[in-house]
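Examination of the molecular architecture
Take a look at the letters that make up each chain.
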Amino acid sequence: MKKHIGFKALACFLALAANAPAIAQEPAKARNSGFFERLFSGSERLDANGQPLRRKLFGRRADEENVAGNVPRKTRRATASVQDEDPEGDPGLGLGNLVYVPPKLLPLSGLTLDAPRPADTAAAQIHDQLTAEGPALRLLPGARDTLVAHYVAHGFRPVWLENGTLGVRGKAVLNLLSTADQDGLDPASYLPTPLASFSASIPDNDPAAMARLDIDLSAAALRYARDASGGQFDPRRLSRYNDITPVWVEAPQALKVIAWSPYAAEYLKSLHPTHPAYAAMRKALAEQRAAQAGGTDDDVIAEGKIIRPGEIDPRIPLIRRRLAGLGYQSAPDNEADDSLLDAALTDQLKLFQKASGIKVTGAIGPQTLAALNGDGNRSDTEKLLDNMERLRWLPRNLGHRYVFVNQPAFTAEVIENGQPIWQTRVIVGKPNTQTAAFHDEMEYVVFNPSWGVPPSIIANEYLPKLRRDPGYLDRIGFKVVNQQGKVVPSKSVSWASYGNKVPFGIHQPPGTDNALGEIKFLFPNSHNIYMHDTPNRNLFAQNVRAFSHGCVRVQNPRDFAAMVLGWSPEDVAKRVTSKHSETIRLKTKIPVHITYFTAWPDESGNMLYFNDIYGRDRAMDTARSATVLAGN
């Protein structure tokens, strides 16, 4: 498959300054305005869509060329109604998953040191282990340099040894590292080289081995600190749609505590996420492993006769669990129906069959069983490992009040004081035009927005029509704008004389058929992603709602506007029914977290599992395997 690298389309180039809606600013406390507030403070700072000019938050990634699995975007057929068209029109980045290349780690051996060999026996052994060639735990270059500098600065004095043996502090840290799997980490990544296993005896009668143990335990603690605080993987190296920079604890900061605190193990524990979802996942992981130990983990679904809707079969309970783990939820009406292929389970089976490329029958035959037992099957344990890692990528403080979008769940929530106070269904990007994962702040709500048709839709959707019927846009009420910002009749343009690059903008005024619906919610970002209403409300009835070019469509935009603005439903309705385009600046910016979690707890702490709609779980599993193969 050829590699395909897409780029985010530029925001529409319309320049309708005279018609741009003014910002109706709500009363706010006097305060110094920031750069972006000054930038967006007047109508001349809005684009032709009534949208504030975009700010570029992130630069090009160093690994952008390292793309795997991308496929070219197919040209969409022209549609007869604007209601069928995607308002973003972004060509996207293809599937976006990257071939993960583990970072290069450096060993803590074979070093050239300027510092002389100390006279003290224990310190001399540390010096010798650092300079001699031999097996050693490895670290990222910066962390290795930090640790070596610490040993040099303190005369190669051991960090963990007391009278030639491992002290209480060291034993506590070693014990914590041995239980790293409880937090979804691999204990083998933190095993000091002198030990065959964490349960092996400590060679306190071997000074050289004890010195190596001291060095490797320091290195292991630093690795654990980084992994616990920000994750094992840089999300930007997994998917081109991950625009997330985890906050890893800095090696000097971590080493200062690790080397001197009597509570080094407690400090390392504190670096894990404090979000309630993490505790729920940790608990679920322990339960899954206990079930595996008891032999009750998901086994292979046995072959047998075809199970048709309405039939009872002893394999149905396992099939239910397998489908639930893939994001297809269905509960029996009562416990007695657990073995029945009822209507709800049949509907979920049909969705699974459609997604798997199997003939959609609702019955369970050989092909469906093979899909459930094969590539489509990922255990809940694997999902928990992937999503505990994603939790480490989240900011430590999500905000007192924030918007949380989970793409695989197709939901958006408003969270206040850690509790969900409102939820709605959403539509997210298609697999080839995915919604990015990133964090930003909502700043504006636009009532009755206008839609500037993106260049890609002009070229692919409208131009073929206009070549045949130049007056088409005049009849459907769209405006054509030339490069001077002047509105011209569509029928006056010689559309047949232009290729894909048309020197005109196309603008859809506010109205019931507007592609953005009644309201849009802006958190200006480099991805040109925002949340908005849609006239295509029938799509919200679908269980799998990946239909957009990246923006997030909201099922209940009026309620959402009331929540984020703190207005009454009546006030929101008045703004909508006025039919006038109006941009409201929020009194207080609201954090927006666009996330991707295929496992997430409900309000009772019970774990829900969702379908891996973009294959990002698979990408992380591949990265985990690559890390093991690289010896990292």
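Small disclaimer: the values here were computed from a predicted structure and weren't measured. (Residues numbered from 1 in each chain as written. Predicted model: local features only at pLDDT ≥ 70, side-chain atom pairs only at ≥ 80, totals over all residues. Heavy atoms only, no water.)

1. Concerning the packing of aromatic side chains
With the rule as written, the count across this model stands at 16 aromatic pairs. Aromatic side chains Tyr-190 and Tyr-224 sit 5.4 Å apart centroid to centroid with 70° between the ring planes, which places their arrangement in the edge-to-face category. Of the two residues, Tyr-190 is situated in the loop between α4 (168–178) and α5 (207–230) and Tyr-224 in helix α5; the sequence distance between them amounts to 34 residues. Exposure class is identical for Tyr-190 and Tyr-224. Each is buried. Here Phe-597 and Trp-600 contribute two aromatic rings whose centre-to-centre distance is 4.6 Å and whose plane-to-plane angle is 55°, an arrangement assigned as tilted. Judged by relative accessible area, which is 13%, Trp-600 ranks as buried. In textbook terms, an aromatic cluster arises when at least three aromatic residues are bridged by ring pairs, as seen for Tyr-402, Phe-404, Phe-597 and Trp-600. One residue, Arg-226, lies across the ring of Trp-248, its end atom 4.0 Å from the ring centre. Across from the ring centre of Tyr-530, 5.5 Å away, lies the NZ or CZ of Lys-520, which sits over that ring. (Phe/Tyr/Trp six-rings, centres within 6.5 Å; stacked < 30°, edge-to-face > 60°. Helix = DSSP H or I, 4+ residues; strand = E, 2+ residues; numbered from the N terminus. Buried < 20%, exposed > 50% of the residue type's maximum accessible area, 1.4 Å probe, protein only. Lys NZ or Arg CZ within 6 Å of the ring centre and 35° of its normal.)

2. Let's talk about the environment of Ile-457
Structurally, Ile-457 can be placed in helix α13 (residues 455–468). Considered as a pair, Ile-457 and Ile-506 are 49 residues apart in the sequence and their alpha carbons are 9.9 Å apart.

3. Here we look at the environment of Thr-588
Position of Thr-588 among the secondary structure elements: in strand β18 (residues 582–595). Owing to a relative accessible area of 58%, Thr-588 belongs among the exposed residues under this scheme. For Thr-588 and Glu-441, which are 147 residues apart along the polypeptide, the C-alpha to C-alpha distance reads 9.5 Å.

4. With respect to the pattern of salt bridges
Enumeration according to the criterion identifies 19 salt bridges in this entry. A salt bridge links Arg-117 to Asp-128, with the nearest nitrogen and oxygen atoms 2.7 Å apart. With Arg-117 in the loop between β2 (106–107) and α2 (121–131) and Asp-128 in helix α2, the pair connects residues that are 11 residues apart, well separated along the chain. A relative accessible area of 23% places Asp-128 in the partly exposed class. Here Asp-216 makes a salt bridge to Arg-212, at a shortest N to O gap of 3.1 Å. On the criterion of helical spacing, the pair formed by Asp-216 and Arg-212 is a turn pair, its members being 4 residues apart in helix α5. Across the pair, Arg-212 and Asp-216 agree in class, each one buried. (Salt bridge = Lys/Arg side-chain N within 4 Å of Asp/Glu carboxyl O.)

5. A look at the environment of Thr-245
With respect to the element layout, Thr-245 can be found in the loop between α5 and α6 (251–260). By relative accessible area, which is 44% here, Thr-245 ends up partly exposed. Of note is the side chain of Thr-245, whose polar atom sits 3.2 Å from the side chain of Arg-236. (Polar contact = N/O pair within 3.5 Å; in protein donor to acceptor, adjacent residues only side chain to side chain.)

6. Here we look at the sheet that holds strand β11 (residues 479–481)
Read from one edge to the other, the open sheet built from 4 strands follows the order β10-β13-β11-β12, with strand pairing classed as antiparallel. If you trace the sheet from one side to the other, it starts and ends with β10 (451–452) and β12 (487–488), each paired once. With 2 bridges joining them, β11 and β12 adopt antiparallel strand pairing. Across the sheet, the residue bridging to Val-481 is Val-487, located in β12. (Pairing = 2+ DSSP bridges.)

7. Comments concerning the nonpolar core
Soluble globular proteins: nonpolar side chains tend toward being buried together. Membership of the largest hydrophobic core comes to 50 residues, with the highest contact counts inside it found for Leu-130, Trp-160, Val-173, Tyr-224 and Leu-268. Elements supplying a minimum of two residues to this core: α2, α3 (141–153), α4, α5, α6 and α7 (264–270). Apart from the residues lying within four places of it in its own chain, the contact partners of Tyr-224 are Leu-176, Leu-177, Ala-180, Asp-183, Leu-185, Tyr-190, Leu-268 and His-272. Val-428, Ile-590, Tyr-596 and Tyr-614 belong to the second largest nonpolar core, which has 38 residues in total. (Core = buried A, V, L, I, M, F, W, Y, C linked by side-chain atoms within 4.5 Å. Contact = heavy atoms within 4.5 Å.)

8. Regarding α13
In this model α13 runs 19 Å from its N-terminal to its C-terminal C-alpha over 14 residues, within 8% of the 20 Å that 1.5 Å per residue would give. Tyr-462 marks where α13 bends most, by close to 50°; the proline Pro-464 follows one to four residues later. Every buried residue belonging to α13 is among Ser-456, Ile-457, Ile-458, Ala-459, Glu-461, Tyr-462, Leu-463, Lys-465 and Leu-466, and all of these are buried. Where the residues of α13 are buried, they touch β10, α14 (472–475) and β13 (505–508). (Expected span 1.5 Å × (residues − 1). Bend = angle between axes of the 7 residues up to and from the residue.)

9. Topic: unusual backbone geometry
Although it is not a glycine, Asn-417 adopts a positive phi angle of roughly 50°. Inspection of the secondary structure assignment puts Asn-417 in the loop between β7 (411–416) and β8 (419–429). Taking relative accessible area as the criterion, Asn-417 reaches 55% and is therefore assigned exposed. Despite not being glycine, Lys-579 shows a phi value in the positive range, around 70°. Along the chain, the position of Lys-579 falls in the loop between α16 (569–577) and β18.

10. Some points on the pairing of β7
With respect to burial, β7 is a largely interior element, 5 of its 6 residues being buried. Here strand β6 (residues 401–406) pairs with β7 via 6 bridges, running antiparallel. Note on β7: the bridge partner recorded for Val-403 is Val-414. Following β6, the chain reverses through 4 residues before pairing antiparallel with β7; Phe-410 in that reversal takes a positive phi of roughly 55°. Two strands pair when backbone bridges link them, and β7 and β8 are joined in this way by 6 bridges, in the antiparallel orientation. Of the residues in β8, the one forming a bridge with Glu-416 is Gln-419. Linking β7 back to β8 in an antiparallel pair, the connection comprises 2 residues, with Asn-417 at a positive phi of about 50°.

11. Considering the packing of helix α12 (residues 380–393) against helix α17 (residues 616–629)
Between two packed helices, what matters for the description is the angle formed by their axes and the separation of those axes. Axis separation between α12 and α17 bottoms out at 10 Å; the angle between their running directions is 90°. With respect to α17, the element α12 is oriented roughly perpendicular. Along its contact with α12, which presents Lys-383, Leu-385, Asp-386, Glu-389, Arg-390 and Trp-393, the element α17 presents Arg-616, Asp-617, Met-620, Asp-621 and Arg-624. In terms of residue class, the contact of α12 with α17 is made up of 3 nonpolar, no polar and 8 charged. (Axes fitted to C-alpha atoms, helices over the stretch in contact; angles between N-to-C directions. Parallel < 35°, antiparallel > 145°, perpendicular 65-115°, else oblique. Nonpolar A, V, L, I, M, F, W, Y, C, P; charged D, E, K, R; others polar.)

12. What about the confidence of the model for the protein chain?
Should the pLDDT be low somewhere, the predicted coordinates at that spot are not to be read in detail. Summing up the model confidence of the protein chain, the mean pLDDT is 83 and the portion of residues at 70 or higher is 83%. For residues 1–85, every residue scores under 50 in pLDDT, and the model assigns this stretch 208 contacts once sequence neighbours within four places are set aside. (pLDDT = per-residue confidence, 0-100.)

13. So, the packing of α4 against α5
The interhelical angle for the contact between α4 and α5, taken along N-to-C directions, is 50°, at an axis separation of 11 Å. It follows from the interaxial angle that α4 and α5 lie oblique. The crossing of α4 and α5 is left-handed. Counting all contacts with α4, which are made through Gly-170, Val-173, Leu-174, Leu-176 and Leu-177, the residues of α5 involved are Leu-217, Ala-220, Ala-221 and Tyr-224. Residue composition of the contact of α4 with α5, grouped by class: 8 nonpolar, 1 polar and no charged. (Left-handed = near helix turned anticlockwise from the far one by under 90°.)

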